[in-house]
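Spelled out, the chains give:
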Amino acid sequence: MSAPPDLPEIVTRAFDVSRQAGYVSFCRNETGRLLATLAATREGTMAEFGTGCGVGTAWLRSGMRGPKTMILTAELNASLANAAAKIFEDDPQVDVRAADWATLRDKGPFSLLFLDSGQPDQVGVDQISDLMEPGGVVVLDDFTPCEQWPPLSYGRVDPLREQWLLDERFTAVEVLVAADTSVILATKR
Ligand SMILES: C[S@@+](CC[C@H](N)C(=O)[O-])C[C@H]1O[C@@H](n2cnc3c(N)ncnc32)[C@H](O)[C@@H]1O
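Bear in mind that the values here come from a model prediction, so they are computed numbers and not experimental data.

What counts, and where the lines are drawn
Residues numbered from 1 in each chain as written. Predicted model: local features only at pLDDT ≥ 70, side-chain atom pairs only at ≥ 80, totals over all residues. Buried ≥ 20, exposed ≤ 12 C-beta atoms within 10 Å, placed from the backbone. Helix = DSSP H or I, 4+ residues; strand = E, 2+ residues; numbered from the N terminus. Pairing = 2+ DSSP bridges. Right-handed = clockwise from strand over helix to strand, strands pointing away. Axes fitted to C-alpha atoms, helices over the stretch in contact; angles between N-to-C directions. Parallel < 35°, antiparallel > 145°, perpendicular 65-115°, else oblique. Left-handed = near helix turned anticlockwise from the far one by under 90°. Contact = placed C-beta atoms within 7 Å. Core = buried A, V, L, I, M, F, W, Y, C linked by C-beta atoms within 7 Å.

The next point concerns the pairing of strand S1 (residues 45-49). A large share of S1 lies buried, amounting to 5 of its 5 residues. Residues Thr 45, Ala 47 and Phe 49 of S1 are buried on one face, and the alternating residues Met 46 and Glu 48, pointing to the opposite face, are buried as well. Sheet topology places S1 next to strand S2 (residues 70-75); 5 bridges connect them, and they run parallel. Bridge pairing in S2 links Thr 45 to Met 70. Taken together, S1, helix H3 (residues 55-63) and S2 constitute a β-α-β crossover, and its handedness is right-handed.

In structure tokens, the structure reads:
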């Protein structure tokens, strides 16, 4: 896939913070570019569940338009959340919280949600659907591409992917962002 080698300045800053924290669990640049592209289409409140060290947040921020749009992001691990918060300390449009994402349930509805908390049992459609505005887009990261139905992961049916791709509350698609990784995009009906 063709992409310019330079990263947005805010993303470079987030990588520096990750490196200092010794933290390596962040979205790939291909996914980041998709997040930025989607963020550029959004207004209102965007959210991220699972901030890590702020790389995904930075990609979202790099695409965000206009002074009224907000990003709200929650990270359970306080030291990671504090590191990420430093990246955005002068930015009134990004709110990093050291908290369980469940505490953001009443802060929506969200126009975009990067669902990246790494807990498959907590991020099913039932838990998320009511948090999204009509037309709001949920992004689920880090699937291993699979060309058959039902989708398999490690030789077994992948219930999370199957659920998101079938649920009638969303129109959803799995998209390859690189040869070895895919995301699900799900738009609230
Ligand atoms: C894959 S990493 C996030 C990476 C980040 N989104 C990025 O792209 O840079 C997943 C993070 O979710 C956090 N997490 C797990 N459960 C959570 C919860 N219930 N609320 C908030 N964060 C959670 C973990 O501590 C971990 O740092």
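Below, the discussion takes up the packing of helix H2 (residues 29-39) against H3. Interhelical geometry of H2 versus H3 gives an angle of 40 degrees and a closest axis separation of 7 Å. As far as their axial angle goes, H3 and H2 are oblique. Of the two elements, H2 crosses H3, and the hand of that crossing is right-handed. Between H2 and H3, the contacting residues are Gly 32, Leu 35, Ala 36, Thr 37 and Ala 39 on the first element and Val 55, Gly 56, Trp 59, Leu 60, Ser 62 and Gly 63 on the second.

Let's shift gears to the nonpolar core. With 52 residues, the main nonpolar core has Ala 84, Leu 113, Leu 115 and Val 138 as its most contacted residues. Contacts of Ala 84, omitting those with residues within four sequence positions, involve Val 17, Thr 51, Cys 53, Gly 54, Thr 57, Glu 75 and Val 96.

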